[in-house]
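# Observations on the model geometry
What follows is each chain in one-letter form.
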Amino acid sequence: MWLNVGLMSASQEAFQTIIATVPDFQPRYQSFLADWQGEATPWYLAMGELAHYVVEAYEQGDTTQYQKLFSAVERVLQNGDSEVQNLIWVGLLEDIQNIASHRSFGPDVFRSWLGPQSLIAWTK
């Protein structure tokens, strides 16, 4: 299989756009990349790491980066192809819902940060 490493995949570009808004996630992301060094990055798992970070940040009372984060998620959803949209729907939003459903606050606390496209995916 031919791979042009000079070009970012749509999934990688989407992920990079989103995580640029949450600098506190960078150490965790770098650790994740180190775990997968030498292998193709599993973007759904990377989104899952971000979902855990989002829920844990809420649990710790730190929502300062949420507005920028969820605005970036919305932009990527609006501009992304179906592969990228599915990555965000399943890899991020669905994971946030699943993870938060096991916490006392539940997933609905995140609705206020969602944009129109994110909210559609959230409710499906």
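Computed from a predicted model, the values in this text were never measured in an experiment. (Residues numbered from 1 in each chain as written. Predicted model: local features only at pLDDT ≥ 70, side-chain atom pairs only at ≥ 80, totals over all residues. Heavy atoms only, no water.)

## Some details on the nonpolar core
By size, the foremost hydrophobic cluster in this structure holds 37 residues, and its most contacted members are Leu50 and Phe70. For this core, the elements supplying multiple residues, two or more each, are α1 (10-19), α2 (26-35), α3 (43-59), α4 (66-79), α5 (82-100) and α6 (116-123). Tallying contributions element by element places α3 first for this core, with nine residues. The residues contacting phenylalanine 70, other than those within four sequence positions of it, are Val54, Leu93, Ile96, Phe110, Trp113 and Leu114. (Core = buried A, V, L, I, M, F, W, Y, C linked by side-chain atoms within 4.5 Å. Buried < 20%, exposed > 50% of the residue type's maximum accessible area, 1.4 Å probe, protein only. Helix = DSSP H or I, 4+ residues; strand = E, 2+ residues; numbered from the N terminus. Contact = heavy atoms within 4.5 Å.)

## Focus on the packing of aromatic side chains
Centre distance and the angle of the planes are the two values used to describe a pair of aromatic rings. Applying the stated criterion to the full structure yields 13 aromatic pairs. The interplanar angle of 20° and the centroid separation of 6.2 Å between the aromatic rings of phenylalanine 25 and tyrosine 29 together place this pair among those described as stacked. Neither phenylalanine 25 nor tyrosine 29 differs from the other in exposure class; each is buried. Each ring, one from tyrosine 58 and one from tryptophan 113, has its centre 6.4 Å from the other, and the planes form 80°; the classification is edge-to-face. (Phe/Tyr/Trp six-rings, centres within 6.5 Å; stacked < 30°, edge-to-face > 60°.)

## What about the environment of glutamate 56?
Among the secondary structure elements, glutamate 56 is positioned in helix α3. Not counting residues within four places of it along the chain, the set of residues in contact with glutamate 56 comprises Arg28 and Arg103.

## A word on the side chain of glutamine 97
Here glutamine 97 is to be found in helix α5. Filtering out sequence-adjacent residues up to four positions away, glutamine 97 remains in contact with Pro107 and Trp122.

## So, the confidence of the model for the chain
On average, the chain scores 92 in pLDDT, and the residues at 70 or more come to 94%. A low-confidence stretch, residues 1-6 stays under pLDDT 50, and its non-local contacts, those more than four residues away or across chains, total zero contacts. (pLDDT = per-residue confidence, 0-100.)

## Points about the packing of α2 against α3
Taken N-terminus to C-terminus, the directions of α2 and α3 make an angle of 150°; their axes are 11 Å apart at the nearest point. The angle between α2 and α3 places the two elements in the roughly antiparallel class. α3 is crossed by α2, and the crossing has right-handed handedness. Residues Arg28, Tyr29 and Phe32 of α2 pack against Trp43, Leu45, Ala46, Glu49, His52, Tyr53 and Glu56 of α3. Partitioning the contact of α2 with α3 into residue classes produces six nonpolar, one polar and three charged. (Axes fitted to C-alpha atoms, helices over the stretch in contact; angles between N-to-C directions. Parallel < 35°, antiparallel > 145°, perpendicular 65-115°, else oblique. Left-handed = near helix turned anticlockwise from the far one by under 90°. Nonpolar A, V, L, I, M, F, W, Y, C, P; charged D, E, K, R; others polar.)

## Quick look at α3
The end-to-end C-alpha separation of α3 is 24 Å, in line with the 24 Å expected for 17 residues at 1.5 Å each. Listing the buried residues of α3 in full gives Trp43, Ala46, Met47, Gly48, Leu50, Ala51, Tyr53, Val54, Val55 and Ala57. In the core, the buried residues of α3 are packed alongside α1, α2, α4 and α5. In the stretch just after α3, glycine 61 is the one whose phi turns positive, near 80°. (Expected span 1.5 Å × (residues − 1).)

## With respect to the pattern of salt bridges
Counting across every chain of the model gives three salt bridges. Here glutamate 49 and arginine 28 are joined by a salt bridge, their closest N and O atoms 3.0 Å apart. Separated by 21 residues along the polypeptide, glutamate 49 in helix α3 and arginine 28 in helix α2 bring together distant segments of the chain. Here arginine 103 ties to glutamate 59 by a salt bridge, and the two come within 3.1 Å at their closest N and O atoms. One end of the pair, arginine 103, is in the loop between α5 and α6; the other, glutamate 59, is in helix α3, and 44 residues separate them in sequence. (Salt bridge = Lys/Arg side-chain N within 4 Å of Asp/Glu carboxyl O.)

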